[in-house]
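Observations on chain architecture
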Amino acid sequence: MAIPLEELQLAARNHGLPLEALRYSVTPIGLHYLLIHFDIPAVDADAWWLELGGLVERPLTLSLDELKARPEATIPVTLECAGNGRALLRGDRASSQPWLVEAVGTAEWTGTPLAPLLAEAGPAPDAAEVVFTGIDRGVQGDVEHDYARSLPLAEALREEVLLAYAVNGRPLPPQHGFPLRLVVPGWYGMTSVKWLRSIEVVAEPFAGWQQAVAYHLRADAEDEGRPVTRMEPRSLLVPPGIPDFLSRARFVPPGPCLLTGRAWSGRGPVERLEVSADGGRSWAEAELEEPLGEFAWRGWSYEWQAEPGEHELCCRATDAAGRTQPLEPPWNLEGLCNNAVQRVQVVVRG
Ligand SMILES: Nc1nc2c(c(=O)[nH]1)N[C@H]1C(S)=C(S)[C@@H](COP(=O)(O)O)O[C@H]1N2
Ligand SMILES: [Mo]
């Protein structure tokens, strides 16, 4: 499973969550994963404003201070990149950021809810989608474009959708979207457009590259595919014991070992968490903690009796909609939505 130099170059720019940071229910912001398609733009907040226009009765132009003076909300949100798990896919997938399992984090995002702003602007009767455009520009798939994504109007009007100017109680750092980003709880990360400059209400499905070409579950290049939307159920373990430097396998002493981790889904709360110590052949029920919020992960724990020898630990989340994690990665060309169970190699020794 060789990783080409171009993918290594992306991996060195876009870091993941160090898995031991799964210990924190709210991820310290420096440990939250990062995904930046082009460059982090330099933004002078005093010379920045947000345009809200398109098919609306009253277009708006808002400064950062005007946005901050509006009603404020803080929501804990688990954000996951749709490409999480990509590098674990077998087969000839498209080149991109080679995530293993670590493209996730949970932060407390503070901002002003989008719905009242859209209501003030007054979408026209034929409004269908809302397009969010960032300041960052680059070339992907041979097409030069500003990073932009759309949401159906009804999704954009959900009360949990925020225009965020702070995270974990501090102004947004440059890498997470300063001065303003969209946060769409429950959806994969690509939806939450950073470095926002405009919001446009439109009547037709948005045809931008990041919307119409990227982020589709395709069997092959000819397949039209299905667009990626909400997060599939997934869970991860806080790595037990101590690591081997290179392989990251874990060493654990024999006896009782409290396994803990986090579980989330963008399609309804996680209602069940199972643990396996034999690579997924047999499973036991773990205990779930109260969720941090409707759109944030849930802690879990399980007391494992560690017997001397080699083991493969796995965890598996099932959500309220009955969706569960597969044992094998689901194939698609772009390597998206791989929510296969995590496998952690453990050596138990005295
Ligand atoms: N403007 C802009 N917004 C963006 C991106 C980007 O490259 N440019 N990357 C997206 C992707 S693919 C993900 S997974 C999330 C990552 O958010 P984070 O870096 O704050 O964790 O931001 C999304 N928003
Ligand atoms: Mo992403």
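Residues numbered from 1 in each chain as written. Chains lettered and ligands numbered in written order. Predicted model: local features only at pLDDT ≥ 70, side-chain atom pairs only at ≥ 80, totals over all residues. Heavy atoms only, no water.

1. Comments concerning the packing of aromatic side chains
- Counting across every chain of the model gives two aromatic pairs.
- Between tyrosine 33 and tryptophan 99, the aromatic rings sit 5.9 Å apart at their centres with planes inclined by 85°, giving edge-to-face as the arrangement. With tyrosine 33 in the loop between helix 1 (5-13) and strand 1 (50-54) and tryptophan 99 in the loop between strand 3 (73-80) and strand 4 (104-113), the pair connects residues that are 66 residues apart, well separated along the chain.
- With a relative accessible area of 6%, tyrosine 33 lands in the buried category.
- Given a relative accessible area of 2%, tryptophan 99 falls into the buried group.
- Measuring from centroid to centroid gives 6.1 Å for tryptophan 264 and tryptophan 297, while their planes differ by 55°, and the two rings are tilted. Of this pair, tryptophan 264 sits in strand 16 (residues 255-264) while tryptophan 297 sits in the loop between strand 19 (287-288) and strand 20 (298-306), and the two are 33 residues apart along the sequence.
- Overall, tryptophan 297 belongs to the buried group, its relative accessible area being 1%.
- The cationic tip of arginine 316 hangs over the ring face of tryptophan 283; the distance from NZ or CZ to the ring centre is 4.0 Å.
- Above the ring of phenylalanine 251, the side-chain terminus of arginine 349 is found at 4.0 Å from the ring centroid. (Phe/Tyr/Trp six-rings, centres within 6.5 Å; stacked < 30°, edge-to-face > 60°. Helix = DSSP H or I, 4+ residues; strand = E, 2+ residues; numbered from the N terminus. Buried < 20%, exposed > 50% of the residue type's maximum accessible area, 1.4 Å probe, protein only. Lys NZ or Arg CZ within 6 Å of the ring centre and 35° of its normal.)

2. Overview of the sheet that holds strand 16
- The four strands are arranged 13-16-20-19 in an open sheet whose pairing can be described as antiparallel. Each edge of the sheet is formed by a strand with only one pairing partner; in this case those strands are strand 13 (234-237) and strand 19.
- Judged from the nine bridges that link them, strand 16 and strand 20 form a sheet pairing that is antiparallel. Paired with glycine 255 across the two strands is alanine 306, which belongs to strand 20. (Pairing = 2+ DSSP bridges.)

3. Remarks on the site of ligand 1
- Inspection of the region around ligand 1 gives 19 residues, with Tyr33, Asp136, His176, Arg181 and Lys194 positioned closest.
- Contacts to ligand 1 include histidine 176, whose side-chain N or O atom sits 2.6 Å from an oxygen atom.
- The contact in question runs from an oxygen atom of ligand 1 to an N or O atom on the side chain of arginine 181, over 2.7 Å.
- Taken by itself ligand 1 offers 530 Å² of open surface, and the protein chains cover 100% of this.
- Residue composition of the shell around ligand 1, by class: eleven nonpolar, five polar and three charged. (Near = heavy atom within 4 Å. Polar contact = N/O pair within 3.5 Å; in protein donor to acceptor, adjacent residues only side chain to side chain. Areas by Shrake-Rupley, 256 points an atom, 1.4 Å probe, with all protein chains shown as cover. Nonpolar A, V, L, I, M, F, W, Y, C, P; charged D, E, K, R; others polar.)

4. Observations concerning a negative patch on the surface
- A cluster of acidic side chains, namely Asp44, Asp46, Asp65 and Glu66, defines a negative patch on the protein surface.
- As for its position among the elements, aspartate 46 is in the loop between helix 1 and strand 1.
- A relative accessible area of 78% places aspartate 46 in the exposed class. (Patch = residues over 30% accessible without salt bridge, like charges linked within 9 Å, V, L, I, M, F, W, Y side chains within 5 Å. Salt bridge = Lys/Arg side-chain N within 4 Å of Asp/Glu carboxyl O. Lys, Arg positive; Asp, Glu negative; His and termini not counted. Charge placed at Lys NZ, Arg CZ, Asp CG, Glu CD.)

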